Amino acid sequence: MLKSKTFVKKTRSGGVMKIVREHYLRDDIWCGSEACTECKQESTVLQTDACMESSLCSYPHYLIPDTNVVLHQIDVLEDAVIRNVIILQTVLQEVRHRSAPVYKRLKDIIHEKEKHFYTFTNEHHRETFIEREPGESANDRNDRAIRVAAKWYSQHLKTSESDTDGLKVVLLTNDQGNKQKAEESGLLYLFTCILVEEYIKSLTANPELVDRLALSNDDKNEITSSKVLFPEHLPLSRIQAGIKSGSFVQGTFRASRDNYLEATVFIQGEGEDGTEILIQGLQNLNRAVHQDVVAVQLLPRNQWVAPSSVVLQDEGAAKDDNVEEEEEEKAVNITARKATGKVVGIIKRNWRPFCGMLNVSQIKESTRHLFTPADRRIPRIRIETRQASTLAGQRIMVSIDGWPKDSRYPNGHFVRSLGGAGEKDTEQEVLLLEHDVPHQAFSQAVLNFLPKMPWAITPEDMVRREDLRHLTVCSVDPPGCTDIDDALHCRELENGNLEVGVHIADVSHFIRPGNALDKEAANRGTTVYLCGKRIDMVPELLSSNLCSLRSNVERLAFSCIWEMNHEAEILKTRFTKSVINSKVALTLSSLEVRFHMDSETHDPIDLQTKELMETNSMVEEFMLLANISVAQKIYDEFQECALLRKHPAPPPSNYDILLKAAKSKDVAIYTDTAKALADSLDVAKVDGFPYFNTLLRILATRCMMQAVYFCSGMDNDFHHYGLASPIYTHFTSPIRRYADIIVHRLLAVAIGADSTYPDLMDKHKQSALCNNLNYRHKMAQYAQRASVAFHTQLFFKSRGILNEEGFVLFVRKNAIIVLIPKFGLEGTVFFDSKDKVAPSIVFDEEGPTLTIQQHTFRIFDKVKVTISLDASNIQHQKIRMALTDPVIPGVSVPVPDAEPQAKKPKLDR
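Not measured: the values here are computed from a predicted model.

Rules of the game
Residues numbered from 1 in each chain as written. Predicted model: local features only at pLDDT ≥ 70, side-chain atom pairs only at ≥ 80, totals over all residues. Heavy atoms only, no water. Salt bridge = Lys/Arg side-chain N within 4 Å of Asp/Glu carboxyl O. Helix = DSSP H or I, 4+ residues; strand = E, 2+ residues; numbered from the N terminus. Phe/Tyr/Trp six-rings, centres within 6.5 Å; stacked < 30°, edge-to-face > 60°. Buried < 20%, exposed > 50% of the residue type's maximum accessible area, 1.4 Å probe, protein only. Lys NZ or Arg CZ within 6 Å of the ring centre and 35° of its normal. Axes fitted to C-alpha atoms, helices over the stretch in contact; angles between N-to-C directions. Parallel < 35°, antiparallel > 145°, perpendicular 65-115°, else oblique. Contact = heavy atoms within 4.5 Å. Nonpolar A, V, L, I, M, F, W, Y, C, P; charged D, E, K, R; others polar. Core = buried A, V, L, I, M, F, W, Y, C linked by side-chain atoms within 4.5 Å.

**What about the pattern of salt bridges?**
Next up, step 1: The tally for this structure, following the rule as stated, stands at 41 salt bridges.
Next up, step 2: For K862, the salt bridge identified is with E805, shortest N-O distance 3.9 Å. Taken together, the residues span a long stretch of sequence, with K862 in strand β36 (residues 862-870) and E805 in strand β30 (residues 802-811) at a distance of 57 residues.
Next up, step 3: Taken together, the salt bridges that share partners define one network made up of D75, E78 and R105.

Printed below as a string of structure tokens:
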């Protein structure tokens, strides 16, 4: 049966286009139930014995959730207890349109066979499709379609079952109006319609499921106070009008890690440029949560303030709903003030399940408790749970349901437990979840696209590929490396010139565009390296075997080969797909913090830094040259869709701290160009202070911007500041970076070694891909730092108190940041200026200097500290640094944070 709808659409040029949309209806769409005798289905999903121990539904039944139930109660639907669920096409389409994260989670559930979730295409079934009635909203039409489908299922199952007390259908909703319409239409004699909260509470054998319920509006009203604490959020219509008129601006809310009373809102500009608006005070923050898209109104200039230099954590009592928090004084230098505003509305919430720990209420038998997220940028969340005694001391996950204007904290619900706090497996799971690192096992759908073993190079593989197995090729890698993706060769030619080749694993040969393996690699974006663990971007068969350029085995490669003279001047460049046979793997170490692990407990037993070898630098130089050569080639061929990498030049103000630090030692640093900076750093030395140059380079690194991927057709600025190159890309690590796979595909098309495909030539899709790659790369860096920090804590846990020498790296209003060279450890020593017995503390921002009593701290000052682990807060254990030299009597030194830092940034290769 064919139904069609005709309408006209106005084109951009002012013309009129007639559009006809056809909608096919069928009779042969299966119900998916194994109890059905009507449908001629080859396989079924829904079980006959669909029993749940419910006090409301004592009979076997299938669940049909409406759209809002799926959107707001996905945590409940994911529980193993909930099975035999019918997901209507109407619901699936609405969820896909309204929430991509929930849609993905729902699709994952549907693919779990043991959950028995069945997708019924009611919009194409002759008896369940309905037209939208005149005057009916799209939402009301969809609600009616869900009720019609529930009615059909109930009648359909009855014709298949002679026993009227057999299988029934239960429609789950959280909308009283939807339930009332089902009652008014007389449908409840055919199926049962129950509010989802009532149904979950009726599951007597699984009372813990109640904790996973997202709060309804009625529940939210019950646990808030009558006092209005925050301004009302403006409706979206007023926000849109305000943005259009220029009275509001839209941006991304970025909460501060150090001060819960402060945040910035990033306003996207052209390219990577943008501006930031400062937000201070709880009322101005107005219930925005980190990463929300918000509308901001600028305050008058006389109300602008400077960013806070005080560390302030929210340690208020659980019972406190008073928004009048103590804030630091705003008496600041006028020149230090920044554009300041207030949040007037929320455009888009970007909430996710948060990891953290439960603060059990001191009120006896209370079910309401505060949850403290691991991420200090996220506010504490009030939840209801009857498992508080069980969850105490565990890492758990909690989702936010809402944040009423009369509540100091947002309301949420328990999702699941991750394990005991402090346990290595638990903490690793937390850091992966908190940094959004995809780390699930590769699905069977992905693994199906791997080559079958045993694998060997075939004649078909040699088509358009050069045989370089006769060359003496070697690789250079750190100890324990199994994902070897680069190798080199060098030989003298008959004309006296040199031939130098960089050979990169041909991963794109095994990962073909658009299949499940390719999509998974694109989503992961990068391999993530943690202490003692690697989260691969591609399955191990590729990363550590077939694509790894191991010695004495034949491997497919993509080669960049130069002919150059003995002055290293490039005479010719060519690219080819190839076959190589690496003759050896040369193992070298690089300058970075490394842990030695106990073979039995896997605890860190030693921590040390490694020395950088000249050979590492040689390899890096050739990899950089390969990346530059490939970048130019793919841009010459595909000017609109080349995937490139750029490094923006820092704004001059970024160098302020570097220039002040150098000036304090009478050293001149020039920042006009990247070369000028590099040259001045090379000669920056202070007699009797050998570590000065290293400290200066650490500060210089902090001044830099983040390097990013971009599509050439969407940007005009290609320059890579850090490498002083006009064009650059990533070609040399396709095993661990998806960007390199795309670059390989572009290069293969450019030299005629492979065919193209539509997405590769679509600059908009390439740009969207770059955004994901930039995000994944940034999160991988953060996860790696968190892993090092955790293992550093384990290392110091059994060491007691250590006395070490360090250098002041930064000076703050109430603290100094100290670097310990021996461990590559950076930590903060705070001075409590609010302590009545403490002497006066004077901060000079121009220096910058911090004067306490008669002692003045400056950047690069040598100090001595004690280092120990403070485990008083099990969730936020810290490396504690306490000043021992110089000795300043009467100073209160609160517990600081400390984290290890890499000794030298790696080149962007």
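**Section: the packing of aromatic side chains**
Next up, step 1: In the structure shown here, the tally under the stated rule is 17 aromatic pairs.
Next up, step 2: Taken together, a centroid distance of 5.4 Å and an interplanar angle of 50° make the contact between F710 and F718 tilted.
Next up, step 3: With centroids separated by 5.3 Å and ring planes inclined at 85°, the aromatic side chains of F796 and F823 adopt a geometry described as edge-to-face. Placement of the pair is F796 in helix α21 (residues 763-797) and F823 in the loop between β31 (815-820) and β32 (825-830), with a sequence separation of 27 residues. For the pair formed by F796 and F823, the shared burial category is buried.
Next up, step 4: Aromatic ring contacts, followed pair by pair, group F689, Y691, F692, F807 and F860 into a single cluster.
Next up, step 5: The ring of F266 carries R254 above its face, with NZ or CZ at 4.4 Å from the centroid.
Next up, step 6: Seen from the ring of F710, K646 lies directly overhead, with NZ or CZ sitting 5.5 Å from the centre.

**Topic: the packing of helix α20 (residues 738-750) against α21**
Next up, step 1: As a packed pair, α20 and α21 sit with axes 10 Å apart at the nearest point and diverge in direction by 150°. Judged on the interaxial angle alone, α21 and α20 are roughly antiparallel. Side by side, α20 and α21 meet where Y738, A739, I742 and L746 of the first sit next to Q766, L769 and L773 of the second.
Next up, step 2: Considering only residue class, the contact of α20 with α21 consists of 6 nonpolar, 1 polar and no charged.

**Thoughts on the nonpolar core**
Next up, step 1: Judged by nonpolar contacts, the single largest core of 72 residues is most densely connected at L542, L643, F731 and Y738.
Next up, step 2: When residues in this core are grouped by element, the largest group, 10 residues, is from α20.
Next up, step 3: Leaving out residues up to four positions away in the same chain, L643 has contacts with I634, Y709, F710, T729, A739, I742, V743, L746, Q766, L769, C770 and L773.
Next up, step 4: If you look at the next biggest cluster of nonpolar residues, it comprises 60 residues, including L63, V76, L187 and L190.

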